[in-house]
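Residues per chain, in single letters:
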Amino acid sequence: MDSMASGGRTPAGMRVAGAVCLVIVAVAPIAVGGFRPQWWLVFACAIFLAAAACAITIATSKRRIRFLTHAAPGVVPVYILFLLGLSAHVLLVRGTASDADALYGLLRHLSFAALGWTLLQSMTRDQRAISYAQVLIAAFLAYAVYGLITIDRTEWLLFAKTQYDGFATGPFVNRNSFATFLAMGMNLALACALADETGVSRHHRRGHRVSPLEGKMRSLLLAAVALLCLATIFATASRMGLFVALAGASVVVALRLRRIAGQRGVIRVIAFAAGMLFFLALAMIALLYGGGVAERLGSTADNANVRLDLYRNVLEMIAANPLLGVGLDNFGEAFRAYQRLPVSPDRDWNLAHNTYLALWAELGLALGSMPILLCALITVALLRRSLSGKVTPVSHLSDAALAAIAIGALHSLVDFSLEMPANAYLLIALIVLGLSPTAPRGQAQGDP
């Protein structure tokens with residue numbers, strides 16, 4: 001079922017479990033993007049404990065588990081099938097280079113599932129989803145400022161910065177992964193800013209309606225956070241990071257325009273569209289005079305040739321192991337047997353720089369395609385919400401989740417941003433927020 005219960009206050013155990021998972025999503029980037037095993041293992045343990053506490057609370061309070069049967073049909077069965085297939089693959093096929101790496105990879109994927117499940121169970125009301133989104137936006141603001149400050153203050157980083165001098169990497173080692181993180185944050189802030197402008201009712205916790213002036217001030221603050229994230233993305237000099245950020249913004253704006261068109265006159269829609277075109281024009285001006293980004297655009301063709309040579313080697317690797325792959329998290333070691341010139345032998349290619357190819361290389365074509373199918377099903381479910389004629393206080397969160405999926409899907413074509421645990425945690429959290437309980441305007445929810 002999609003609802004947890006017909007009434008009653010959400011048990012404290014579920015609220016605490018959800019809060020723990022939210023904190024992990026917010027702090028994971030500090031630990032070098034959560035990429036190093038010692039960090040994501042700690043996060044995984046905390047997530048499993050939170051999931052266990054949530055399960056015990058559900059059992060003792062006799063509440064129903066939320067399965068998204070109606071909100072996102074097909075998602076849960078496909079995800080369970082993928083986890084079962086992944087477990088069987090790791091336990092039976094293991095890894096061609098390292099069985100331990102495959103087991104660690106399985107543990108990480110199970111922690112992703114536990115994180116999504118726990119957040120989903122704790123999201124029993126739309127106000128909680130809005131509050132969680134506000135916490136994440138505050139975290140994005142902090143990371144954007146931190147990323148700009150540490151361009152010069154590298155001693156404030158938790159790692160020795162050996163590359164990307166003069167560019168923003170924030171807590172991530174890789175600037176592209178930091179740009180992906182900020183792009184998702186930018187579009188969450190943008191979606192929330194535009195939501196307040198569409199007349200969706202907002203209330204304080206005490207039940208008082210937010211005044212129009214307060215709503216506009218909140219929208220301006222959220223828009224400022226979005227612009228700060230965009231400025232930091234420029235400071236990373238990540239070409240694809242900037243592209244996916246603007247692509248995500250296009251998704252948010254297009255969905256918002258469609259929703260406004262159903263509520264307001266044509267003149268107001270045209271005015272709003274003109275304002276957004278002005279915003280995009282500013283972004284394009286910044287692109288043309290964006291310093292590091294503009295300079296790196298000149299080397300795009302050369303870098304593309306390097307990646308294409310790498311992808312040809314990876315495709316040979318996939319062709320040699322189309323059914324079972326080389327094993328989860330075994331790409332780096334296994335790729336050495338398939339590395340051919342002109343791919344430089346002086347560099348260790350531990351990652352495929354293309355998440356789709358990495359999935360197929362490690363898990364085979366069938367099992368490796370299941371995460372892609374899962375994302376497609378989630379996208380359809382979120383589109384149904386965003387395109388629905390019913391405007392709810394959390395409709396904008398579906399827009400932000402769709403933008404995050406678009407950002408991840410596009411950047412995964414040329415990089416490994418979603419293979420960073422911090423980015424994976426964030427994408428999962430945004431999807432759960434996008435699928436949070438909805439109540440049309442004026443209709444109360446049963447679970448306060």
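Residues numbered from 1 in each chain as written. Predicted model: local features only at pLDDT ≥ 70, side-chain atom pairs only at ≥ 80, totals over all residues. Heavy atoms only, no water.

A.B. asks: Which residues make up the overall build of the protein, and what values do they have?
C.D. replies: Of regular secondary structure, the protein possesses 16 helices and zero strands. Among the 448 residues that make up the protein, the fraction classed as buried is 52%. For the protein, restricting intrachain contacts to residue pairs at least 6 apart in sequence, the fraction spanning at least 24 positions comes to 78%. Working note: accessible area of the protein is about 19700 Å², and carbon and sulfur atoms make up 67% of it. (Helix = DSSP H or I, 4+ residues; strand = E, 2+ residues; numbered from the N terminus. Buried < 20%, exposed > 50% of the residue type's maximum accessible area, 1.4 Å probe, protein only. Contact = heavy atoms within 4.5 Å. Areas by Shrake-Rupley, 256 points an atom, 1.4 Å probe, with all protein chains shown as cover.)

A.B. asks: Would you mind going over the packing of helix α3 (residues 75-93) against helix α4 (residues 99-122) in detail, with residue names and values included?
C.D. replies: Two elements in contact, α3 and α4, have axes separated by 9 Å at closest approach and are oriented at 165°. Regarding the angle of α3 to α4, the classification is roughly antiparallel. Our pair here, α3 against α4, has a crossing hand that is left-handed. Contacts between α3 and α4 pair Y79, F82, L83, L86, S87, V90 and L91 from the former with A102, L103, L106, H109, L110, F112 and A113 from the latter. Partitioned by chemical class, the residues of the contact of α3 with α4 number 12 nonpolar, two polar and no charged. (Axes fitted to C-alpha atoms, helices over the stretch in contact; angles between N-to-C directions. Parallel < 35°, antiparallel > 145°, perpendicular 65-115°, else oblique. Left-handed = near helix turned anticlockwise from the far one by under 90°. Nonpolar A, V, L, I, M, F, W, Y, C, P; charged D, E, K, R; others polar.)

A.B. asks: Can you break down helix α7 (residues 212-236) residue by residue, with the values?
C.D. replies: With 25 residues, α7 ought to run about 36 Å at 1.5 Å a step, and its terminal C-alpha atoms sit 36 Å apart, in line with that. Buried within α7 we find G215, S219, L222, V225, A226, C229, L230, T232, I233, F234, A235 and T236. (Expected span 1.5 Å × (residues − 1).)

A.B. asks: Let's hear about helix α2 (residues 37-61): which residues, and what values?
C.D. replies: Given a rise of 1.5 Å per residue, 25 residues ought to cover 36 Å, and the 36 Å separating the end C-alpha atoms of α2 matches this to within 8%. Looking only at α2, the buried set comprises W40, F43, A44, I47, A50, A51, C54, T57 and I58. Turning to α2, the residues buried within the fold contact α1 (12-27), α4 and α16 (421-434). Phi turns positive, to about 55°, at K62, one or two residues after α2.

A.B. asks: Please provide a residue-by-residue account of the nonpolar core, values included.
C.D. replies: Core analysis: the biggest nonpolar cluster contains 109 residues, and L136, L188, Y425 and L433 have the highest contact counts within it. Sorting elements by how many residues they give to this core places helix α6 (residues 175-197) first, with 14 residues. Beyond its immediate chain neighbours, meaning those up to four positions away, L188 contacts A133, L136, I137, F140, L397, A400 and L430. Counting 15 residues, the second-largest nonpolar core is a separate cluster that includes V314, V326, V343 and A361. (Core = buried A, V, L, I, M, F, W, Y, C linked by side-chain atoms within 4.5 Å.)

A.B. asks: Explain the pattern of salt bridges to me, and be specific about the residues and the numbers.
C.D. replies: On inspection of all chains with the given rule, the structure shows six salt bridges. Here R153 ties to E155 by a salt bridge, and the two come within 3.5 Å at their closest N and O atoms. Residue classification places R153 among the partly exposed positions, given a relative accessible area of 44%. (Salt bridge = Lys/Arg side-chain N within 4 Å of Asp/Glu carboxyl O.)

A.B. asks: Describe in detail the confidence of the model for the protein, supporting the description with residues and values.
C.D. replies: Mean pLDDT for the protein: 83, with 82% of residues reaching 70 or above. Residue range residues 197-207 is modelled with pLDDT below 50. Its contacts to residues more than four positions away, or to other chains, number 31 contacts. Counting contacts from residues 288-302, a segment whose pLDDT is below 50, to residues more than four positions away or on other chains yields 20 contacts. (pLDDT = per-residue confidence, 0-100.)

A.B. asks: Report on the packing of α1 against α2, specifying residues and quantitative values.
C.D. replies: Where α1 meets α2, the axes come as close as 8 Å, and the angle between the chain directions of the two elements is 160°. As far as their axial angle goes, α2 and α1 are roughly antiparallel. Our pair here, α1 against α2, has a crossing hand that is left-handed. The residues of α2 that touch α1, namely those facing G13, M14, A17, V20, C21, I24 and V27, are F43, A46, I47, A50, C54, T57 and I58. Taken together, the residues that form the contact of α1 with α2 break down as 12 nonpolar, two polar and no charged.

A.B. asks: If you had to explain the packing of aromatic side chains to someone new, which residues and values would you point to?
C.D. replies: On inspection of all chains with the given rule, the structure shows eight aromatic pairs. Relative to F181, the ring of Y143 has its centre 5.4 Å away and its plane inclined at 85°; by these criteria the two rings are edge-to-face. Here Y143 is found in helix α5 (residues 126-149), whereas its partner F181 is found in helix α6, with 38 residues between them in sequence. Assessed through its relative accessible area of 7%, Y143 is described here as buried. F181 sits in the buried class, given a relative accessible area of 3%. Aromatic ring contacts, followed pair by pair, group F140, Y143, F172, F178 and F181 into a single cluster. (Phe/Tyr/Trp six-rings, centres within 6.5 Å; stacked < 30°, edge-to-face > 60°.)

A.B. asks: Talk me through unusual backbone geometry; I want residue IDs and the actual numbers.
C.D. replies: Between L341 and P342 the backbone carries a cis peptide bond, its omega angle lying at 15°. Its place among the elements puts P342 in the loop between α12 (331-335) and α13 (355-363). Positive phi, normally seen in glycine, also occurs at A237, with a value near 60°. Tracing the backbone through its elements, the reader meets A237 in the loop between α7 and α8 (239-261). Assessed through its relative accessible area of 0%, A237 is described here as buried. Although it is not a glycine, H353 sits at a positive phi angle of roughly 60°. Relative to the assigned elements, H353 resides in the loop between α12 and α13.

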